[in-house]
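Overview (structure and organization)
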Amino acid sequence: MKKGVLIINFYFINHFPSMVMDLLAIFVIGVLAYRIYKKQEEEPKKWKAFIVIIIGLFSFSITMPGFDAFVKIPILPLGVWILYFIYRNKVEKWVMYRRFAWLGFIANFIFLAAAFLSYPLQNALYPENELSTYMASVKEAEIVSTHPSAEKQQLDKKSLKSQMNTMRKDSIPSEEWYYNTVVNVEPEDRKERFPYQLTGTETKWGSGTSAVIYVEVDGKGLLVWTPTKQMYYRADSSILKGGK
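Residues numbered from 1 in each chain as written. Predicted model: local features only at pLDDT ≥ 70, side-chain atom pairs only at ≥ 80, totals over all residues. Heavy atoms only, no water.

Section: the packing of helix H2 (residues 46-56) against helix H3 (residues 78-86)
Note the following rule: Where helices are involved, their axes are fitted lines through C-alpha atoms of the stretch in contact, as for all axes, and angles between N-to-C directions lie from 0 to 180°. Working definition: helices are DSSP H or I runs of at least four residues, strands are E runs of at least two. Numbering for both runs from the N terminus. An angle counts as roughly parallel when it lies under 35 degrees, as roughly antiparallel when it exceeds 145, as roughly perpendicular when it falls between 65 and 115, and as oblique in every other case. Working rule for contacts: check all heavy atoms of both residues, and any pair within 4.5 Å makes them a contact. Basically, the charged four are Asp, Glu, Lys and Arg, the nonpolar ten are Ala, Val, Leu, Ile, Met, Phe, Trp, Tyr, Cys and Pro, and anything else, Gly included, counts as polar.
Axis separation between H2 and H3 bottoms out at 7 Å; the angle between their running directions is 130 degrees. The orientation of H2 with respect to H3, classified from their angle, is oblique. Residues Val52, Ile55 and Gly56 of H2 touch H3, and the partners they reach there are Gly79, Val80 and Leu83. Across the contact of H2 with H3, the residue classes break down as four nonpolar, two polar and no charged.

So this is what it looks like as structure tokens:
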């Protein structure tokens, strides 16, 4: 069990689905806070109510894996206890602010729900198997040799642009590649299968993802490395000038 820091997960600034859902969560919390505020017989100071909600966010939590990430589940309302201790001798003040304190704790679950809802939105806007998610723009693209066995090649940007939307995702025959590159080849004749890196590309705006893209020696294959997976795409013709 972890002692509580804020349960709110602030995602990458450029992760559009999380930004949308977090703003929606803040709106819901704001509406609930306004309703609590208006129901008070004696209206509390707005800035104090805001601070109470923020303190109420603190909690004991447990961390669990989910959706290729770790999710914090709030368990005990640490912030509410802190506020109760502060107002323990001021009953009227505690009665006035306790609902805001509990709203702060409940806000953890609202943000948690928003985080879960961002996943279907992510999949709808940025399909994880589509190359365009990881290579949306190639205006500044170029290739860089990453292995001594790489021949001098230039990127055929026209070919790359024309095939960006037609490259097909294929399985990664890692065992076959290993045997054809290492086991069945003499040490002095071994060559890197992906000796080039494609740089200067941009991922789709708002996807919040990053990717390193390697180009196969024949110029027809792209190996996309993300923080969580590897994907392999094939083109019909080479994207290298002089490629086969």
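Having seen the structure, we can now continue with the description.
Description of the nonpolar core
Cut-off, in case you're wondering: Residue types Ala, Val, Leu, Ile, Met, Phe, Trp, Tyr and Cys, when buried and joined through side-chain atoms within 4.5 Å, form a set referred to as a nonpolar core. The buried label goes to any residue with under 20% of its type's maximum accessible area, the exposed label to any with over 50%, and the partly exposed label to all in between, with areas taken from a 1.4 Å probe on protein chains only.
Residues Tyr97 and Phe100 are the most contacted members of the largest nonpolar core, which totals 24 residues. If you list the elements that add at least two residues to this core, you get helix H1 (16-39), H2, H3 and helix H4 (91-125). For this core, the element with the most residues is H4, which contributes 11 residues. Each residue touching Phe100, except ones within four places of it in the same chain, is listed here: Ala33, Ile36, Tyr37, Gln40, Pro44, Ala49, Val52 and Ile53. Counting 22 residues, the second largest nonpolar core, distinct from the first, contains Ala141, Leu155, Ile213 and Val215.

Remarks on the sheet that holds strand S8 (residues 221-225)
Applicable threshold: Two strands are counted as paired when DSSP detects at least two bridges linking them.
Across the sheet, which stays open at both edges, the six strands sit in the order S3-S6-S7-S8-S9-S5 with antiparallel pairing between neighbours. Single-partner strands in this sheet number two, and they are strand S3 (142-145) and strand S5 (168-170). For this sheet, the mean inter-axis angle between neighbouring strands, taken without regard to orientation, is 35 degrees. Where S8 meets strand S9 (residues 230-234), five bridges bridge the pair, whose relative direction is antiparallel. Opposite Leu223, over in S9, you have Tyr232 as the bridge partner.

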